[in-house]
Amino acid sequence: MGDISAANAVIMLTIPVLNPVPFQIQGFGPDDVFSLDDIELVETSMGVDGTLSGGFVWKEQPMGLTLQADSPSNNYFDNWMQSQMAALRSYPANGIISLPSIGKKLIGTKGFLGTYKLPDGKRTLTPRRYRIKWQQLTAFPI
């Protein structure tokens, strides 16, 4: 108990069409490794008589990923984006995020590269941010 470090996180991605061998993401941003949006699991509707109804709905599970401008892993994302643009199609990925500090791993299935960003030129080049939209992101014990 008490260890919540993200410094030992390991992220592996595989894009079967482009690179079937898992690739380890390295060179995380200064303050962010990844971020996950809240997931709404239920769609609700309040009737005019005050009765609330709800039902389960599938939702994409977005994940933000931040890499330093000089991370060698940016080449992986550059290739992913450029290959999609050249082919005019999308290439889904699969991923594993290992979080040893809390004994969890997250398994991402059918993830699409939703956003892609080149670095801004400030005093130094800024971190690059990517957004992967997963069909499913599930937590398991390591």
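Above this text you will find the structure in question.
What you are looking at is a predicted structure, and each value in this text was computed from that prediction instead of being measured.

Calculation rules
Residues numbered from 1 in each chain as written. Predicted model: local features only at pLDDT ≥ 70, side-chain atom pairs only at ≥ 80, totals over all residues. Heavy atoms only, no water. Helix = DSSP H or I, 4+ residues; strand = E, 2+ residues; numbered from the N terminus. Buried < 20%, exposed > 50% of the residue type's maximum accessible area, 1.4 Å probe, protein only. Contact = heavy atoms within 4.5 Å. Core = buried A, V, L, I, M, F, W, Y, C linked by side-chain atoms within 4.5 Å. Expected span 1.5 Å × (residues − 1). Pairing = 2+ DSSP bridges. Axes fitted to C-alpha atoms, helices over the stretch in contact; angles between N-to-C directions. Phe/Tyr/Trp six-rings, centres within 6.5 Å; stacked < 30°, edge-to-face > 60°.

Q: I keep staring at the environment of aspartate 37 and nothing clicks. Help me out?
A: Tracing the backbone shows aspartate 37 in the loop between strand E3 (34-36) and strand E4 (42-46). You can call aspartate 37 partly exposed: its relative accessible area is 33%. Taking C-alpha positions, aspartate 37 is 17 Å from glycine 95, a pair spaced 58 residues apart along the chain. Sequence-distant contacts of aspartate 37, that is, excluding residues within four places in its chain, are made with Pro62 and Arg131.

Q: Whenever I open this one, the nonpolar core confuses me. Can you help?
A: Within soluble globular proteins, side chains that are nonpolar tend to cluster in buried spots. By size, the foremost hydrophobic cluster in this structure holds 24 residues, and its most contacted members are Ile11, Leu13, Ile25, Phe28, Phe77, Trp80 and Ile132. At the level of secondary structure, the elements contributing two or more residues to this core comprise strand E1 (10-15), strand E6 (61-67), helix H1 (74-87), strand E7 (93-99), strand E8 (104-116) and strand E9 (128-141). Those residues in contact with isoleucine 25 that lie beyond four places of it in its chain are Ile11, Leu13, Leu65, Leu67, Ser73, Tyr76 and Phe77.

Q: I would appreciate a short explanation of H1 in the present structure.
A: In an α-helix there are 3.6 residues to a turn, and that puts residues three or four apart on one side. End to end, H1 covers 20 Å across 14 residues, agreeing with the expected 20 Å (1.5 Å per residue, within 8%). Every buried residue of H1 is accounted for by Asn74, Tyr76, Phe77, Asp78, Trp80, Met81, Ser83 and Gln84. As for H1, its buried residues are in contact with E1, strand E2 (19-25), E6, E7, E8 and E9. Downstream of H1 by a residue or two, leucine 88 has a phi angle that is positive, lying close to 55°.

Q: Whenever I open this one, the pairing of E7 confuses me. Can you help?
A: Residue alternation in E7 divides its side chains into a buried set, Ala93, Gly95, Ile97 and Leu99, and an unburied set, Asn94, Ile96 and Ser98. With five bridges connecting them, E1 and E7 associate as antiparallel partners. Bridge assignment links leucine 13 to a residue of E7, and that residue is glycine 95. Pairing analysis gives six bridges linking E7 to E8, with the strands arranged antiparallel. Its bridge partner being in E8, isoleucine 96 is matched across the sheet by isoleucine 107. A loop of four residues connects E7 with E8, the two strands running antiparallel in sequence, and glycine 103 in this loop sits at a positive phi of about 70°.

Q: For this particular structure, what's the right way to read the sheet that holds E6?
A: By definition, the strands of a sheet pair up through backbone hydrogen bonds, in either a parallel or an antiparallel sense. Here seven strands make up an open sheet; going across it, the order is E2-E1-E7-E8-E9-E6-E3 and the pairing antiparallel. Edge positions in the sheet fall to E2 and E3, since each has one partner strand and no second. Across the sheet, the mean angle separating the axes of adjacent strands is 30° when strand polarity is ignored. By the bridge criterion, four bridges tie E1 to E2 in an arrangement that is antiparallel. If you follow isoleucine 11 over to E2, its bridge partner there is isoleucine 25.

Q: What is the right way to look at the packing of aromatic side chains in this model?
A: Aromatic ring pairs are reported here in terms of the distance separating the ring centres and the angle at which the planes meet. Per the counting criterion, the structure on display carries six aromatic pairs. When the centroid spacing of 6.0 Å and the interplanar angle of 85° are considered together, the rings of tyrosine 76 and phenylalanine 77 count as edge-to-face. The residues tyrosine 76 and phenylalanine 77 share a single accessibility class, namely buried. With 4.1 Å between their ring centres and 10° between their planes, phenylalanine 77 and tyrosine 130 make a pair best called stacked. Remark: tyrosine 130 occurs in strand E9 and phenylalanine 77 occurs in helix H1; sequence separation between them is 53 residues. Like phenylalanine 77, the residue tyrosine 130 is buried in the burial classification. Here the aromatic cluster, defined as three or more aromatic residues joined through ring pairs, consists of Phe23, Tyr76, Phe77, Trp80, Tyr116 and Tyr130.

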